[in-house]
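# Report on the structure
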Amino acid sequence: MIRFARSLIGRFLLSLSALLLVSLFALVIWERTFVIPSLLTAESRLAEKELDRIVLAMEDNHDGLAAITRDWANWDDSYAFIQGQQANYTSSHFSAEMFEDINVQLMVFIDIQASIRWVAGLDPATGEYRTCSSLSDNCEWAGRFIRGFDAFDFQQGYRLIDTGTGDTPSLISAEPILRTDRTGPSMGLIAMVRLIDERLVETLERQTGLVIDINTVATEAQRLNEPVTSRQETVLTAQKRIEPQRGTEALLITTDLPREQTNHYRSAFRYTMAWTVLLLLGALLVVLSLLWVQVIRPLKQLTGFTRKTRRDTFWEQPAQFQAVPRALKTRRDEIGSLARNFQRLLAAQKTRTSNLVKLSHQDPLTGLANRRLYDEKLAQALSQSQLVSVLMLDIDHFKLYNDHFGHQMGDDCLVSLANQMKECFEQPGNVVARTGGEEFSILLPGQSVEDAVQDAERLRKLIKQLRIPHPNSPVAPVVTVSVGVASTANVRGLGPEMLMRRADEALYQAKAEGRDRIKRYAATVIQSSD
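Let me begin by describing the structure that accompanies this report. All values reported here derive from a predicted model rather than from experimental measurement.

When helices and strands are tallied, the protein chain shows 15 helices and 15 strands. Every one of the 530 residues in the protein chain was classed for burial, and the buried ones make up 41%. Here the protein chain displays about 29100 Å² of accessible surface, and carbon together with sulfur accounts for 53% of that area.

In structure tokens:
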């Protein structure tokens, strides 16, 4: 245990465990000190904003009532009625349906002497429509709504919230009675009353999308300068007090707000905390592996690579050369320097080995493939394709050419013919090889025997058109070639040796029949034409 604690991994483990505990403690403190208070503050601001929306919606409703009152007060018919004219004014303009449609409980006409001239509305107790010329009998219920009108300015009008003496609170609007063009003098007031009842609350709920409750509270109760909130697990209850302009009680607006957003943020933070803990645990495992990753594993990787390079066929097949892993070469430490030096050593060795392999696969005189490479490509083509054609070509009486011109001219002749062959068969996949002193072989994968014969004939003519002098040839005064053609067409299981043997037999027949011609295996000779 002591040995582990003194090791590099042990010290890393102790340090990171301490870091994890400190981080957990810091997250808890952060939540309690900053996150939760911030969420509660934002929640309180939201509650205040929503209460303000309710108050604004009530004010808009009061504005609508004032607009209706103004329409009735600034009307020539009303102006005439308050002066004792328009005898049919009340019967033709007032009805229970009208009061229901505009959501008005009471309308009162008061003349300039502050005397009531007409009262009409719906009795809150019975819901019946009543009209009176005074507050007697059927209209006694209207008395509590219209008290104190004589104290107001009959030239300006007014609007107020009235909480009465314990009955349903109301919105009241009064406007001076003027002509339609709003000229005077004022002949009195028209006052309208709208109850703050369930119907008005439903209207406010539709406008705000909130659940609203409006009650009255004694004016002696503690004043609420700011919205008051009480919190439960899923609901925030917010209250705001509105002081009336008249009455013994104040309005108390209450609404319940869902705490989904606060709970969501709190859950998200705790979810983040949980993930942070998991990430710290993961980081602990990662850091514990740093010693392995940064030192031990790279050295083991480099050692394994050197062993693999020594064991594999790199020296025989440099094309299979694998570079030193990039992760090792890009390091900026001693391990990276060692890896880069080893990479340079391997690259130099690859160049030397590639040159040797190239020499082993290439004819040094003509630059064509040699027999070894040709045999490999032929075996590969036969394993990958069902149709393979080959040409075997021999220079006619080349020994006589060498005897006459010498070996240097003979080499020049071989190079010229090799260049012509490369030009003639430059398509991808074709292989032109020097497989003997004056013998050449051409591999044509995927080509039919007929096409191979045509290409062979074209090559024969092109070589003859080079007009390389051959005065001792019994065939022609210039260098000519004979070609044997063989193919795997219509033959199954034909191996490389058998295919080349057939091409050799076809070449032998071409020579036997006079040279300077093409011969296909097991077919009639195709005579040359100059």
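Don't stop here, the text continues.
If you walk across this open sheet you meet the 4 strands as β7-β10-β9-β8, and the pairing is antiparallel. Pairing within the sheet leaves two strands with one partner each, and these edge strands are β7 (211-218) and β8 (228-231). Between one strand axis and the next, the sheet turns by 25° as a mean value, whatever way the strands run.

Another point: the environment of methionine 187. Mapping methionine 187 onto the fold places it in the loop between β5 (170-176) and β6 (188-195). On a C-alpha basis, the gap between methionine 187 and phenylalanine 154 in space is 8.2 Å, while along the polypeptide they are 33 residues apart. Residues within four places of methionine 187 in sequence aside, it is in contact with Tyr79, Ile82, Gln83, Ile110, Asp111, Ile112 and Ile177.

Time to look at the packing of aromatic side chains. Enumeration according to the criterion identifies 15 aromatic pairs in this entry. Judged by centre distance (5.9 Å) and plane angle (50°), the ring pair of tryptophan 75 and tyrosine 89 falls under tilted. With a gap of 14 residues between them, tryptophan 75 in the loop between α2 (8-73) and α3 (76-81) and tyrosine 89 in helix α4 (residues 89-93) connect regions that are remote in the sequence. Residue tryptophan 75 is classed as partly exposed on the basis of its relative accessible area of 25%.

Before going further, it helps to examine the sheet that holds strand β14 (residues 481-487). One open sheet accounts for 5 strands, arranged β12-β13-β11-β14-β15; its pairing is mixed. Each of the sheet's edge strands pairs with one partner strand only, and the pair in question is β12 (431-434) and β15 (518-520). For this sheet, the mean angle separating the axes of adjacent strands, direction not counted, is 20°. One ladder, built from 7 bridges, connects strand β11 (residues 388-395) with β14; its direction is antiparallel. Residue pairing for β14: isoleucine 395 is matched across the bridge by valine 481. With respect to the sheet, helix α15 (residues 496-512) is in contact with β11, β13 (439-445), β14 and β15, its orientation differing from that of β14 by roughly 145°.

Turning next to the packing of helix α12 (residues 398-405) against helix α13 (residues 407-424). It is the contact of α12 with α13, at a shortest axis distance of 7 Å, that shows an interaxial angle of 135°. With respect to α13, the element α12 is oriented oblique. Of the residues in α13, those touching α12 at Phe398, Tyr401, Asn402 and Phe405 are His407, Met409, Gly410, Cys413 and Leu414.

A separate point is helix α11 (residues 371-384). For the α-helix, the turn length of 3.6 residues means that residues three or four positions removed from each other point alike. The terminal C-alpha atoms of α11, which comprises 14 residues, lie 20 Å apart, in line with the 20 Å expected from a rise of 1.5 Å per residue. Among the residues of α11, those classed as buried are Leu373, Tyr374, Leu378, Ala381 and Leu382. In a view along the axis of α11, the buried residues occupy a sector of 165°, so they form one face of it. Among the exposed residues of α11, those oriented more than 90 degrees off its buried face are Ser383 and Gln384.

This next bit is on the state of the cysteines. Enumeration according to the criterion identifies 1 disulfide in this entry. Disulfide partner of cysteine 132: cysteine 139, at an S-S distance of 1.8 Å. The S-S bond linking cysteine 132 to cysteine 139 shows a torsion near 85°; that makes this disulfide right-handed. Each member of the pair cysteine 132 and cysteine 139 is classed as buried.

The next thing to look at is the environment of arginine 344. Mapped onto the secondary structure, arginine 344 falls in helix α10 (residues 334-361). Sequence separation between arginine 344 and valine 324 is 20 residues, and the spatial gap between their C-alpha atoms is 9.7 Å.

Attention now goes to the nonpolar core. Judged by nonpolar contacts, the single largest core of 41 residues is most densely connected at Phe94, Phe109, Ile214 and Ile253. When residues in this core are grouped by element, the largest group, 9 residues, is from α2. The next biggest cluster of nonpolar side chains, apart from the first, holds 29 residues, and it includes Leu393, Val449, Leu459 and Val483.

Here is what the cut-offs are and how they apply
Residues numbered from 1 in each chain as written. Predicted model: local features only at pLDDT ≥ 70, side-chain atom pairs only at ≥ 80, totals over all residues. Heavy atoms only, no water. Helix = DSSP H or I, 4+ residues; strand = E, 2+ residues; numbered from the N terminus. Buried < 20%, exposed > 50% of the residue type's maximum accessible area, 1.4 Å probe, protein only. Areas by Shrake-Rupley, 256 points an atom, 1.4 Å probe, with all protein chains shown as cover. Pairing = 2+ DSSP bridges. Axes fitted to C-alpha atoms, helices over the stretch in contact; angles between N-to-C directions. Contact = heavy atoms within 4.5 Å. Phe/Tyr/Trp six-rings, centres within 6.5 Å; stacked < 30°, edge-to-face > 60°. Parallel < 35°, antiparallel > 145°, perpendicular 65-115°, else oblique. Expected span 1.5 Å × (residues − 1). Arc of directions from axis to C-beta. Disulfide = S-S within 2.5 Å. Core = buried A, V, L, I, M, F, W, Y, C linked by side-chain atoms within 4.5 Å.

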